[in-house]
Amino acid sequence: MDRVLQVRIAIYVDRQRGQWVVRDGDGRFWALPAGDDAWQRRQPCDVRDEDGLEPVPGHYRSLLGIP
Amino acid sequence: MSAEHRRLEEARQQNIPWKKWGPYLSERQWGTVREDFSDNGDAWNYFTHDQARSRAYRWGEDGLAGISDDQQLLCFALALWNGQDPILKERLFGLANSEGNHGEDVKEYYFYLDSTPTHSYMKWLYKYPQRAYPYGDIVETNRRRNRTEPEYELLDTGVFADSRYFDVIVEYAKASPEDLLIQVTIANRGPEAAELHVLPTLWFRNVWSWESGAVKPQLRAEPASAGIQAMRATAPEHNDVLLYCEGQPTLLFTENETNTQRTFGVPNRSPYVKDSFNDWLLHGQKERVNPALEGTKAAAYYRVQVPAGGSQVLRLRLATKAQAKPFDASYASTLKARLAEADEFYGSVIPKALSPDEANIMRQALAGMLWTKQFYHYDVDKWLEERGCDPFNPQRKQAPRNDLWHHMYNGDIISMPDKWEYPWYAAWDLAFHVIALTLVDPDFGKEQLRLMLRERYLHPNGQIPAYEWNFGDVNPPVHAWSTIFTYRLEKMNRGAGDVPWLKSSFQKLLLNFTWWVNRKDRTGRNAFEGGFLGLDNIGVFDRSSPLPTGGYLEQADGTAWMCLFSQNMLEIAAELALHDPEYAEMALKFLEHYLWIASSMTHLGSDSGMWDEEDGFFYDVLRLPDGRAQRLKVRSMVGLLPFCAATSFDGIVLEKYPEMRLRIRRFLVKRPEMRQNIHDPALQGVAGRRLASILDEHKLRRVLARLLDEREFLSPYGIRSLSRAHAEQPYVFKAGGQEYRVGYVPAESDSGMFGGNSN
């Protein structure tokens, strides 16, 4: 993945639901469950308000298996 | 030659890695800019002490009496529990900047007792209370206190009453470059027997979680032998390392990975996380350590009973080669030999004229400097990218700091100002550290200066990085001073100076000099700005921010520092000219530059120059947008700094290049105004030496009169940074309907202008 596309990905934590949330390069949101291969098991999620999400540093991308 | 000198020579000439292992672990990685990924740049509150035990770091590690290899792949440190504390003591506790009534402050008692420059012998002492550490009391009481009250210290809490504490002494001795003996002595200073839980801990810095495809290293238990437990560290980057632990401690294994449940509220992938030992020991959660005896973080758990007034000793050994008998008689004799060699080394370094007490002070001071080396890791480009501030992405966010420093990659052993309060390098402090460090290890000193000028550090525009809170801040240009000083120290001690190093440094320093001239001399009249400039140079305004009046400041200290910079460049060029005629021209160039700057300080506009004849003092000059100018008559360190720009020259280079003498004479004859108000450099002094100095005798006497006046700068404790005269007569400046005031306050300032920890 090229670097410009990579930086358009944003990772968040949704503390209320206890899950990671990723906004991909196209602006879609995905919920990532806890555990290994989180990105592989992602589910689309509907996020209307990013205010409830807490940003997580980009270096967690590898930890969550995001390519 | 002493044994330690031999090791230094072996490291220098044969690349024998005597310095590969050292005290390179920080004492505080949390609350640093590197670990801060917040949008507002609030580093202290983004990654807190409370999180540190549970959250894996991105850029470094920390610990008690810690060591690591020079790339900080593998770390070793001590963890302690007195049976009372609410958490395992894995790192020093202190207040964040906003928590302390005088800024950040470590609230622990620990002492660097000894170290040789190759770290062949090191000794560290920590005073650990037997009562519960009063975390809450310290935070709350300091929060209630204001700036005029003293800090609330650990000793004030009463936790050490009746001497109920342990002295925990850690000694390291190298049997060979990669074979370290580790002896922990626990002395009970209290009136009753007491128990201490001791966990010597070995772990890998987490580099695998952040890079896709990175290979995860591994620690695992080795088969036990009689009276010895052991573990093996395996990583692709280096040879296996073994940790031998004498006795029958319980070996514990977990992962140096974030406890996501505690940190983010997301269930953990595995029960084995960074804070597992805390929960295993303090909360009895046996399932938190890996029964397979493998992981990336491991500890040998000792439960030690220490009688009143007595002590217990634990012995460990960290080595790359397997040891058949790691704790045989050679262990004690090697430890003893390394200590004796440290004595021998310091016997040759410390002047004989010092009393035994003074010699101890000097040795311990140098030990402190040596213990304060740290592996400093910060890839700014990566850091910007990981926070969505990639400098080459048009949709990037603005980073709260260091946006324009994406060329920087730091991953080196660097001398820190303090591994808890300032666990980041400060380039101009470092220039002074180098002088002390060069006394014991010239190679390390030179390497430090070289680092700051390397392409991975020096900005492409020629600016030296200041410090991580703002690499682009402007600090005094003292690098050239440190360079020539270090060169001469080595020349004196080794009989020859390192000319190639001096040449290389000079080339890079030229870039830095040019940056100053082009960026900080706004009008081209040799009057410099600079901003805060890092010292206790109290000003009416924050000099690093836009002025409330508009306009700009011509700074007496900034200009004096540049005068010194010119003198130092002249000294370096003159020294190099003795070896290479190409540099004679440069010596002449810097002599002229010195004269331009020095004369500008003293004659620039008779009524609005920095020198105030009526007061006999140098002041900053405020130049307003409408063309008016005004001296800001605060008598502070700012006006004393012109003293520093004084350098004597022996004239040897003029003997080698007589034409230079003629050209200098021609210049001085043609421009008599240059030396009209400064000390005349043509005057000869003792042994034909000449002096370059901003202050002539008249000005020197006048400024000295204030410096040595007890009603002004001279205090029972040294030189004040602000004249005491401002106690009765605060300096007041009015602009835009607002009043700006500088008043004298003894000791620490009551101003929060510089973060509450300056002045």
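Residues numbered from 1 in each chain as written. Chains lettered and ligands numbered in written order. Predicted model: local features only at pLDDT ≥ 70, side-chain atom pairs only at ≥ 80, totals over all residues. Heavy atoms only, no water.

1. Topic: the overall build of chain B
Inclusion rule: Numbering goes from the N terminus for both helices and strands, where a helix is a DSSP run of H or I of at least four residues and a strand is a run of E of at least two. Atoms considered for the radius of gyration are the C-alpha atoms alone. The globule rule reads 2.2 Å times the number of residues to the power 0.38. Exposure is judged per residue with a 1.4 Å probe applied to protein chains only, and the accessible area is read against the type maximum: over 50% gives exposed, under 20% gives buried, and values in between give partly exposed. Any two residues having at least one pair of non-hydrogen atoms within 4.5 Å are treated as being in contact. Note on areas: these come from Shrake-Rupley sampling with a 1.4 Å probe, and a residue is covered only by the protein chains present in the view. His is not counted here, nor are the chain ends, while Lys and Arg score as positive and Asp and Glu score as negative. Each charge is placed at NZ for Lys, CZ for Arg, CG for Asp and CD for Glu.
Secondary structure assignment for chain B yields 20 helices and 30 strands. Taking 759 residues into account, the globule formula puts the C-alpha radius of gyration at 27 Å, and chain B, at 28 Å, falls close to it. Structurally, chain B occupies a C-alpha span of about 85 × 60 × 60 Å along its principal axes. Sorting the 759 residues of chain B into buried and exposed places 60% on the buried side. Nonlocal contacts in chain B, meaning residues at least 24 apart in sequence, comprise 70% of its contacts between residues at least 6 apart. As displayed, chain B has an accessible area near 29600 Å², and 51% of this comes from carbon and sulfur atoms. Taken together, the 88 basic and 101 acidic charged side chains of chain B have centroids lying 2 Å from each other.

2. Brief notes about the pairing of strand S11 (residues 218–225) of chain B
All names here are of chain B. How we decide: Two strands are counted as paired when DSSP detects at least two bridges linking them.
The pairing of S11 with strand S12 (residues 228–235) spans 6 bridges and is classified as antiparallel. Residue pairing in the sheet places glutamine 218 in a bridge with threonine 234 of S12. Linking two consecutive strands that pair antiparallel, namely S11 and S12, is a turn of 2 residues; a positive phi of about 70 degrees is found at glycine 227 within it. Pairing geometry for S11 and strand S15 (residues 294–295), over 2 bridges, is antiparallel. Looking at the pairing, leucine 219 lines up with glycine 295 of S15.

3. Some thoughts on the confidence of the model for chain A
The line we're drawing: Across the chain, each position has a pLDDT score giving the predictor's confidence in that residue, from 0 to 100.
Summary statistics for chain A give a mean pLDDT of 84 and a share of 88% for residues scoring 70 or more. For residues 1–5 of chain A, every residue scores under 50 in pLDDT, and the model assigns this stretch 9 contacts once sequence neighbours within four places are set aside.

4. Observations regarding the interface of chain B and chain A
Defined as follows: Here the buried area means the combined drop in accessible surface, using a 1.4 Å probe, for two parts upon being joined, counting both sides. Only one rule defines a salt bridge in this text: a Lys or Arg side-chain nitrogen within 4 Å of an Asp or Glu carboxyl oxygen. A 3.5 Å cut-off defines polar contacts: any pair of N or O atoms within that distance qualifies, except that in protein one atom must be a possible hydrogen donor and the other a possible acceptor, and neighbouring residues in sequence count only when both atoms are side-chain atoms.
Every contact between the two is made by 24 residues of chain B and, on the other side, 21 residues of chain A. The three residues of chain B that bury the most area against chain A are Phe264(B), Val266(B) and Arg269(B), which together make up 31% of that side's buried surface. Counting every contact that joins chain B to chain A gives 2 salt bridges. As a salt-bridge pair, Glu385(B) and Arg61(A) come within 3.8 Å of each other at their nearest N and O atoms. Counting across the interface, chain B meets chain A through 9 residue pairs in polar contact (both at pLDDT 80 or more).

5. Quick notes on the packing of helix H13 (residues 499–520) of chain B against helix H14 (residues 556–577) of chain B
Residues and elements named next belong to chain B. Filter applied, for reference: Between N-to-C directions, angles cover 0 to 180 degrees, with each direction set by a line fitted to C-alpha atoms, over the stretch in contact for helices. Relative orientations are named as follows: roughly parallel for angles under 35 degrees, roughly antiparallel for angles over 145 degrees, roughly perpendicular for angles from 65 to 115 degrees, and oblique for any other angle. For a crossing to be left-handed, the near helix must be turned anticlockwise from the far one by less than a right angle; the clockwise case is right-handed.
The contact between H13 and H14 brings their axes to 10 Å, and the two run at 150 degrees. Between H13 and H14, the angle falls in the class roughly antiparallel. The interaxial crossing formed by H13 with H14 has left-handed handedness. Two secondary-structure elements touch here, H13 through Val499, Leu502, Lys503, Phe506, Leu509, Leu510, Asn512, Phe513, Trp516 and Val517 and H14 through Met562, Phe565, Ser566, Met569, Ile572, Ala573, Glu575 and Leu576.

6. Some details on the environment of Leu430(B)
Residue and element names in this part refer to chain B. Position of leucine 430 relative to the elements: it lies in helix H10 (residues 427–440). By relative accessible area, which is 2% here, leucine 430 ends up buried. For the pair formed by leucine 430 and leucine 282, sequence separation is 148 residues and the distance between their alpha carbons is 41 Å. Leave out the neighbours within four places in its chain, and leucine 430 touches Ile414, Ser415, Gln448 and Met452.

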